[in-house]
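Geometric and topological summary
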Number of protein chains: 2
Amino acid sequence: DRKDEENEPECENILSGFQTSRVLRDSAREKIIFIHGKIADEEAVVILEKTPIREDSLPELFSSSTLRLEMRNDVYSTYRLQVPSHLNEIKTTVVCPATQKHVKKYQQQESFLVEETAQDYESITLPYVQQQSFSLQWVYNILEKKAEADRILYEDPDLELGFVLLPDFKWDQKQVDDLYLIAIAHQRHIGSLRDLTSKHLPLLQNMLQKGQEAILQRYHLPHSKLRVFLHYQPSYYHLHVHFTNLGFEAPGCSVERAHLLSNVIQNLQSDPKFYQTRTLSFPLRADDGLLGRFKEAGRL
Amino acid sequence: DRKDEENEPECENILSGFQTSRVLRDSAREKIIFIHGKIADEEAVVILEKTPIREDSLPELFSSSTLRLEMRNDVYSTYRLQVPSHLNEIKTTVVCPATQKHVKKYQQQESFLVEETAQDYESITLPYVQQQSFSLQWVYNILEKKAEADRILYEDPDLELGFVLLPDFKWDQKQVDDLYLIAIAHQRHIGSLRDLTSKHLPLLQNMLQKGQEAILQRYHLPHSKLRVFLHYQPSYYHLHVHFTNLGFEAPGCSVERAHLLSNVIQNLQSDPKFYQTRTLSFPLRADDGLLGRFKEAGRL
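Residues numbered from 1 in each chain as written. Chains lettered and ligands numbered in written order. Predicted model: local features only at pLDDT ≥ 70, side-chain atom pairs only at ≥ 80, totals over all residues. Heavy atoms only, no water.

Looking now at the packing of helix 5 (residues 201-219) of chain A against helix 6 (residues 261-270) of chain A. Residues and elements named next belong to chain A. One way to put it is that helix 5 packs onto helix 6 with a least axis distance of 10 Å and a crossing angle of 155°. Here helix 5 is positioned roughly antiparallel relative to helix 6, judged by the angle of their axes. Considering how the two elements wind past one another, helix 5 and helix 6 form a crossing that is left-handed. The residues of helix 6 that touch helix 5, namely those facing L201, L204, Q205 and L208, are L261, V264, I265, L268 and Q269. Across the contact of helix 5 with helix 6, the residue classes tally to 7 nonpolar, 2 polar and no charged. (Axes fitted to C-alpha atoms, helices over the stretch in contact; angles between N-to-C directions. Helix = DSSP H or I, 4+ residues; strand = E, 2+ residues; numbered from the N terminus. Parallel < 35°, antiparallel > 145°, perpendicular 65-115°, else oblique. Left-handed = near helix turned anticlockwise from the far one by under 90°. Contact = heavy atoms within 4.5 Å. Nonpolar A, V, L, I, M, F, W, Y, C, P; charged D, E, K, R; others polar.)

Encoded structure:
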């Protein structure tokens, strides 16, 4: 993917002046840490995540590293391996300037399962989402090629049925093991699952089929190796579909938040108003304003 | 912990001569890889795992690393951070000489997503499950109090609507953070989701409500903190329901295998034959006999 890494300019290390205020979240299992702090007087969130170990780097890793013994017992021994830094990078994401919303988003919070009836959606969720008026500018930047244009893997430019397919921020594209792509519909004003009716079936089927084909072409992953799903609630209210490697336990693929696209299509085929009438369960974090609304309404 | 790291002897790098034969398992999420190979003519398994990011190392990490820009869009930017090797070690475990048992233990099986139509169920899955005649004796032992009687947390003894609630083997009961309970129906001959019709609604509603109540009483977890689901395919063909702490990303709670009980109930309420007519997706491991049947039938 990146043939002339050596020629890439090393950029100014804006992190050397980073002042940590606190750790928002930290997963020892996933080797990731979310930190809130300041870069030159601006609020920032910095996310550091160790990269997966790549099979193709193993020979160089083994030959060019230093091994330090920790423990030996019978056939078992443990070591600390010190590795040349270019073989062991840390994926770094900076959000700057960061708002209170960003900080909240990355903060670890208890979750509660909400059971949203169709009426709850109309009287609680929809008014809340509309009041928030989350900015979708970054989504429109992508769709209009004003940003991330070089990251687009596939596009169907049709304004009704088309979409743009690109890697999720969480994926470093170094190995397909944790493949994570997002398909963003060109069609606007489909906020979430709740807006989908049978009239969107051609769009959804197109995103599923062409997304699968593009991934087969580019990554040689057949559709039996893919988990293709939507989130409800989504993290932004513009229709997008998640494509992940089935073998990768991606964050957010749990049954309480993820909806397989193949099931969404079947549900709409058997009932055009499925998502306007059903009770939908989803988790909300303790600090989510929407949870507060459900509590005020006595629905939790 | 290790004050005089500098004085520790660097040991002979036995890995420099490691010959990889294959990757047994690889988790991009956990940044761990299990490799089978040879060290000086002896069979060996080598496990490499990136270390968690330590809060106390952050100041040195930020000041002494090199940052390379990958992408910039609006307030978001991503980088690759190249870090001094002593701040970014890889935990290394060597099993040598390794037996066949070690190799099998660490081996991961690939999974494939199967899309089972109603007809596939009749012609492929059901005949396979019947042929296997998996023993359910251990389940009947629990229901008849011939085994694990002291582990039962709650029982509704009704033979039509009742069930037994007990901890899953995966849960050590030391903390509610990873609470994992199983409710096993007294009623027999409900093999899986495919057998459920609207006549089972009273049973399912009873298991959901009384299971939630028992967990609230015993563990003070309200139902908004619970993920209550069935598996399809199940690991044994006798109706059982999983109750897990919502905050615990339990294995097997991914959308491709788990079905929220509240959704199962709604599906049966709106269509009594829902599970006899729908296409259901589920993952199968490469070594699963059922996957072989789907392949023979040209369905994968």
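Next comes the rest of the account.
All names here are of chain A. According to the domain assignment, chain A contains domain 1 (1-51 + 90-108), domain 2 (52-88) and domain 3 (109-296). Here domain 1 meets domain 3 over a buried area of about 900 Å², counting both sides, of which 36% is carbon and sulfur. The tally of links from domain 1 across to domain 3 stands at 0 salt bridges. Summed over the shared surface of domain 1 and domain 3, the result is 5 residue pairs in polar contact (both at pLDDT 80 or more). Broken down by element, the side of domain 1 that touches domain 3 gets its largest block of residues, 4 residues, from helix 2 (residues 100-106). (Domains from an automatic or database assignment. Buried area = accessible area lost by both parts, 1.4 Å probe. Salt bridge = Lys/Arg side-chain N within 4 Å of Asp/Glu carboxyl O. Polar contact = N/O pair within 3.5 Å; in protein donor to acceptor, adjacent residues only side chain to side chain.)

In this section: the sheet that holds strand 12 (residues 240-245) of chain A. Residues and elements named next belong to chain A. Read across the sheet, 6 strands follow the order 8-9-10-12-11-13 without closing on themselves; strand pairing throughout is antiparallel. A strand with exactly one partner marks an edge of an open sheet, and here the two such strands are strand 8 (154-156) and strand 13 (258-260). Ignoring strand direction, the axes of neighbouring strands in this sheet form an average angle of 30°. Relative to strand 12, strand 11 (residues 226-231) is paired through 4 bridges, and the arrangement is antiparallel. Within strand 12, the residue paired with R227 across the bridge is T244. (Pairing = 2+ DSSP bridges.)

Looking now at empty space enclosed by the protein. Applying the stated criterion across every chain yields a total of 5 cavities of 30 Å³ or more. Its boundaries defined by the atoms lining it, the largest cavity holds a volume of some 400 Å³. Forming the boundary of the largest cavity are 25 residues, of which N263 and N267 of chain A together with H259, N263 and N267 of chain B lie nearest the centre. A breakdown of the residues in the lining of the largest cavity according to their chemical character gives 13 nonpolar, 9 polar and 3 charged. There is about 90 Å³ of room inside the second largest cavity. In terms of lining residues, the second largest cavity is bounded by L113 and E115 of chain A together with L208, Q212, H223, L226, R227, V228, L260, L261 and S262 of chain B. With 3 residues, strand 11 (residues 226-231) of chain B is the single largest residue contributor to the lining of the second largest cavity. Its residues placed into classes, the lining of the second largest cavity shows 6 nonpolar, 3 polar and 2 charged. (1 Å grid on protein atoms, 1.4 Å probe; cavity = no way out; pocket = protein on both sides within 12 Å on 5 of 7 lines; lining within 4 Å. Points joined across faces, edges and corners; volume = space filled by probe spheres on them.)

Turning to the sheet that holds strand 2 (residues 32-39) of chain A, a few remarks are in order. Spatially, 6 strands are ordered 1(A)-2(A)-3(A)-6(A)-5(B)-4(B) in an open sheet, and the strand pairing comes out antiparallel. One side of each edge strand has no neighbouring strand; the edge strands of this open sheet are strand 1 (19-27) of chain A together with strand 4 (66-73) of chain B. Within the sheet, the average angular offset between the axes of one strand and its neighbour, ignoring direction, is 20°. With 7 bridges connecting them, strand 1 of chain A and strand 2 of chain A associate as antiparallel partners. From the neighbouring strand, T20 of chain A faces strand 2 of chain A, where its bridge partner is G37 of chain A.

With that settled, the discussion passes to unusual backbone geometry. Residue and element names in this part refer to chain A. Along the chain, C96 connects to P97 via a cis peptide bond; the corresponding omega equals 0°. You will see that A40, though not glycine, has its phi angle at about 45°, which is positive. Relative accessible area serves as the criterion here: at 67%, A40 is assigned to the exposed category. With a phi close to 70°, H189 is a non-glycine residue in the positive phi region. Following the sequence through the fold, H189 ends up in the loop between strand 10 (180-185) and helix 5. Since its relative accessible area comes to 76%, H189 is described here as exposed. (Buried < 20%, exposed > 50% of the residue type's maximum accessible area, 1.4 Å probe, protein only.)

Contacts between the two partners involve 95 residues from chain B and, on the opposite side, 105 residues from chain A. At the boundary of chain B with chain A, total buried surface from both sides reaches about 9300 Å², with 53% on carbon and sulfur atoms. Per-residue buried area on chain B facing chain A is highest for R29, I53 and F62 of chain B; these three make up 9% of the total on that side. Taken together, chain B and chain A are joined by 9 salt bridges. Two residues, E256 of chain A and R227 of chain B, come together in a salt bridge whose shortest N-O distance is 2.8 Å. On inspection of chain B and its partner chain A, the count reaches 46 residue pairs in polar contact (both at pLDDT 80 or more).

Each aromatic ring pair is characterised by the separation of its centres together with the angle its planes make. As enumerated under the stated definition, the model contains 17 aromatic pairs over all chains in all. Residues Y232 of chain A and F282 of chain A carry aromatic rings whose centres are separated by 5.2 Å and whose planes lie at 90° to one another, so their mutual orientation is edge-to-face. Taken together, the residues span a long stretch of sequence, with Y232 of chain A in the loop between strand 11 and strand 12 and F282 of chain A in strand 14 (residues 280-285) at a distance of 50 residues. What makes Y232 of chain A buried here is its relative accessible area of 0%. Classification of F282 of chain A as buried rests on a relative accessible area of 0%. Judged by centre distance (5.5 Å) and plane angle (65°), the ring pair of W171 of chain B and Y219 of chain B falls under edge-to-face. (Phe/Tyr/Trp six-rings, centres within 6.5 Å; stacked < 30°, edge-to-face > 60°.)

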